[in-house]
Amino acid sequence: MDIAFIGFTSGVTSLPKAATFTHTNLIQTALSIHEVDAVKADDDYLSFLSLAWICEQVMAVGLSLTRGMTINFPEEPSTILNDLREIGPHLIQAPPRTYENMLTRFQIRINDSTRLKKKNI
């Protein structure tokens, strides 16, 4: 079997280790994701995680190869929220801290809005 990429474990329990992933691993994982949550050829994906993350390889490479979805990249790390709004991706994956930051921004905007706007939420 041909190796598609080499990923490294985080080393939480010991030293980081190299793990090899075959093309079959990558494609089968992408197809399994599609079985759980259908991905269409006209879907957009916003890729801003490091390609060193195995999940990002599966999403950005595996799903784009098997389902034909479009991969979008942010212009700069600081423009991720603007790019998210502009692209309106169907799929996104991020570390928990990113979602916490988004939630905090939404909560601040809600708390700073008028009583009328708050009532409509």
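Quick notes on the rules
Residues numbered from 1 in each chain as written. Predicted model: local features only at pLDDT ≥ 70, side-chain atom pairs only at ≥ 80, totals over all residues. Heavy atoms only, no water. Helix = DSSP H or I, 4+ residues; strand = E, 2+ residues; numbered from the N terminus. Rg over C-alpha atoms; globule rule 2.2 N^0.38 Å. Buried < 20%, exposed > 50% of the residue type's maximum accessible area, 1.4 Å probe, protein only. Contact = heavy atoms within 4.5 Å. Areas by Shrake-Rupley, 256 points an atom, 1.4 Å probe, with all protein chains shown as cover. Lys, Arg positive; Asp, Glu negative; His and termini not counted. Charge placed at Lys NZ, Arg CZ, Asp CG, Glu CD. Salt bridge = Lys/Arg side-chain N within 4 Å of Asp/Glu carboxyl O. Phe/Tyr/Trp six-rings, centres within 6.5 Å; stacked < 30°, edge-to-face > 60°. Arc of directions from axis to C-beta. Polar contact = N/O pair within 3.5 Å; in protein donor to acceptor, adjacent residues only side chain to side chain. Axes fitted to C-alpha atoms, helices over the stretch in contact; angles between N-to-C directions. Parallel < 35°, antiparallel > 145°, perpendicular 65-115°, else oblique. Nonpolar A, V, L, I, M, F, W, Y, C, P; charged D, E, K, R; others polar.

A. Inspection of the overall build of the chain at higher detail. Scanning the chain from N- to C-terminus turns up 5 helices and 5 strands. Start at the N end of the chain and walk to the C end: the helices and strands fall as β-β-α-β-α-β-α-β-α-α. Taken over the C-alpha trace, the chain has a radius of gyration of 18 Å; the compact-globule value for 121 residues is 14 Å, which it surpasses by more than 25%. Of all 121 residues assigned to the chain, the portion counted as buried reaches 26%. Here the analysis covers contacts within the chain between residues at least 6 apart in sequence; of these, 57% occur between residues at least 24 apart. On the chain, roughly 8,700 Å² of surface is accessible, and the fraction owed to carbon and sulfur atoms is 57%. Taking the average location of the 11 positive side-chain charges in the chain and that of its 13 negative ones, the two points are 15 Å from each other.

B. Geometry of the pattern of salt bridges. Enumeration over the complete set of coordinates arrives at 1 salt bridge. Residue Glu100 pairs with Arg97 through a salt bridge whose shortest N-O separation is 2.9 Å. In this pair, Glu100 and Arg97 both sit in helix H4 (residues 96–111), 3 residues apart, roughly one turn of the helix. Accessibility expressed as a relative area gives 40% for Glu100, which makes it partly exposed.

C. Up close: the packing of aromatic side chains. According to the stated counting rule, one finds 1 aromatic pair in the structure shown. Ring plane angle 10 degrees and centroid distance 4.8 Å describe the contact between Phe5 and Phe21, whose orientation is recorded as stacked. Taken together, the residues Phe5 in strand S1 (residues 3–8) and Phe21 in strand S2 (residues 18–22) connect sequence positions 16 residues apart.

D. Expanded view of helix H3 (residues 80–87). Among the residues making up H3, those that are buried are Ile80, Asp83 and Leu84. In a view along the axis of H3, the buried residues occupy a sector of 105 degrees, so they form one face of it. Counted as exposed and oriented over 90 degrees from the buried face of H3: Arg85 and Glu86. Just downstream of H3, Gly88 is the residue with a positive phi angle, here 60 degrees.

E. Summary view of the side chain of Glu56. By the secondary structure assignment, Glu56 is in helix H2 (residues 54–67). No salt bridge is formed by the buried Glu56; the nearest opposite charge belongs to Arg67, separated by 17 Å. Polar side-chain contacts of Glu56 include one of 2.7 Å to the side chain of Tyr45. Setting aside chain neighbours within four positions, we find Glu56 in contact with Tyr45, Ser47, Phe48, Leu49, Ser50, Leu51, Val61 and Gln93.

F. The environment of Tyr99, seen in detail. On the secondary structure map, Tyr99 appears in helix H4. For the pair Tyr99 and Lys40, spaced 59 residues apart in the sequence, the C-alpha separation amounts to 24 Å. Ignoring anything within four residues of it in the chain, the contact list for Tyr99 reads Ile92, Gln93 and Ala94.

G. Seen up close, the packing of helix H1 (residues 23–36) against H2. Orientation of H1 relative to H2, taken along the N-to-C sense of each, is 80 degrees, at an axis distance of 8 Å. With respect to each other, H1 and H2 are oriented roughly perpendicular. The segment H1 lies against H2, with Leu26, Ile27, Thr29, Ala30, Leu31, Ile33 and His34 engaging Gln57, Val58, Met59, Val61, Gly62, Leu63, Thr66 and Arg67. For the contact of H1 with H2, the class distribution of residues is 9 nonpolar, 5 polar and 1 charged.

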